[in-house]
Every structure is written in C-alpha cells, then in structure tokens.
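Chain and residue survey
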Amino acid sequence: MNLDKTQRRFSIMGENTFLIANQLMKNQRICRLLKYQSKEPFKDKDPKTGRDQPDVDGIDLINKQILIVPKIYDDSTEKMSYITAIFDGFAVNQFNPEFKVSTVRFDIACPYDEWILNGHSLRPYLIMEEVDKTFNETKLKGIGNLQFYRADNLTLSPWIGGYTMVYRINEFN
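First, a word on scope: everything that follows refers to the structure included in this document. Being a predicted model, the structure only gives us computed values, none of them experimental.

Here's the deal with the overall build of the protein
- Within the protein, the secondary structure is distributed over three helices and nine strands.
- Each helix and strand of the protein, placed in order from N terminus to C terminus, yields the pattern α-α-β-β-β-β-β-α-β-β-β-β.
- Residues classed as buried in the protein amount to 44% of the 173 residues present.
- Pairs at least 24 apart in sequence give 57% of the contacts found in the protein among residues at least 6 apart.

Following this line, the structure appears as structure tokens:
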C-alpha cells in the first residue's frame, strides 16, 4: 500500500516535527538565546560573571529547551528559555474542500528577568526573528509552504512568558 507523503496522511506531521526541531537546533543564535541566560548571549564570555559561553550543541537542547512535546522540562532548577513546535488547528478549507488547513505553532517562553539584553533588544523578539527567518515561506515535506499568520503574547506564570507564533499551511486534502 503506497501512502502519499502529504498532510492528508497525518504521519508526515511527525516527520516534519523532527525536521523543524533539527532546523532549530542547527541555528546557533537560537541555541545561544535559549542556553545562555545572560545579557550578552552572543559573546564568548558572560561579561558579568566571566563564565565561558561557547557555541552550543543543539542536540543537548532537545527535550529540554527545544521541545516537540508540549511539556516544559522540569528536571532542572536553573532558569531556562524554551521553544516548542506543535502542529495544530487541522480543518478542511471552508472555501475549497479539496484543501486542508492547519498551523504550526511556535511557543517561545523566557524568564521575565532574562528578557532584556544589553544589545537593546528583548530575548523573545530575537528568538522570534530567527524562527521567522528560518520558517516563513519555507516548504515542509509534503505539506506545502508555511506562511506567517500571527503572534500573540504568552503568559505561563508570574516568572516566565513570551509569544506564540502561528504559521498557516494550506495543502491538498
């Protein structure tokens, strides 16, 4: 039995989830923003503490700070920033039932006291910029192009929050 590798076969979503995680872990800027809770995550040393900040092996962040299951890693007591990639909102296109519409949602969460960076920017916005550069108008395997749709504020607790970015996908049903 030959199953098409398209959205109409939901199993392709699992493959694409891993492809998305792979793209995130290869992006050194995202990895540094997630790993180093310092005001200068792109420097080799944290100017405040003097601690080394070498390039990050993104594989070490999988299932801790780069998540494909919507559950925050809770085996650590240290402050962490997170990004979660989830397929969501599957529906038949109202105007053309030959197409299925869905979304990819990126939830970006950072400790509030780590938002402000010395580069006069905010950590969640820099992560959002990298996500958008990587995925907006990108074709994923068997499901068409991702198109940025919206971003909304995300408050998880009085200590951590960020944004949810949503990308739409429109593919044959």
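There's plenty left to go through after this.
What about helix 1 (residues 11-26)?
- Across its 16 residues, helix 1 extends 24 Å between first and last C-alpha, which sits within 8% of the 22 Å expected from 1.5 Å per residue.
- Residues of helix 1 that are buried include every one of Ile12, Met13, Asn16, Thr17, Ile20, Ala21, Leu24 and Met25, and no others.
- Considering only its buried residues, helix 1 is in contact with helix 2 (28-35), strand 1 (66-67), strand 2 (82-92), strand 3 (99-111), helix 3 (123-135) and strand 6 (139-140).

Things to note about the environment of Arg123
- Residue placement: Arg123 occurs in helix 3.
- Residues Arg123 and Ala109, spaced 14 residues apart in sequence, show a C-alpha to C-alpha distance of 9.5 Å.
- The contact partners of Arg123, leaving out residues within four places of it in the chain, are Leu33, Tyr36, Gln37, Ser38, Pro41, Ser81, Cys110, Glu114, Trp115 and Leu117.
- Within the structure, Arg123 has its side chain in polar contact with the backbone oxygen of Tyr36 (distance 2.9 Å).

Section: the packing of aromatic side chains
- Counted under the stated rule, the structure contains six aromatic pairs.
- Arranged with centres 5.5 Å apart and planes meeting at 75°, the rings of Phe148 and Tyr167 form a pair that is edge-to-face. Highlighted residues: Phe148 in strand 8 (residues 147-155) and Tyr167 in strand 9 (residues 160-172), separated in sequence by 19 residues.
- The class of Tyr167 is buried, set by a relative accessible area of 0%.
- Grouped by ring-pair contacts, the aromatic residues Phe106, Phe135, Phe148 and Tyr167 constitute a single cluster.
- It is Arg29 that lies over the ring of Phe42; its NZ or CZ is 4.1 Å from the centre.

About the criteria used
- Residues numbered from 1 in each chain as written.
- Predicted model: local features only at pLDDT ≥ 70, side-chain atom pairs only at ≥ 80, totals over all residues.
- Heavy atoms only, no water.
- Helix = DSSP H or I, 4+ residues; strand = E, 2+ residues; numbered from the N terminus.
- Buried < 20%, exposed > 50% of the residue type's maximum accessible area, 1.4 Å probe, protein only.
- Contact = heavy atoms within 4.5 Å.
- Expected span 1.5 Å × (residues − 1).
- Polar contact = N/O pair within 3.5 Å; in protein donor to acceptor, adjacent residues only side chain to side chain.
- Phe/Tyr/Trp six-rings, centres within 6.5 Å; stacked < 30°, edge-to-face > 60°.
- Lys NZ or Arg CZ within 6 Å of the ring centre and 35° of its normal.

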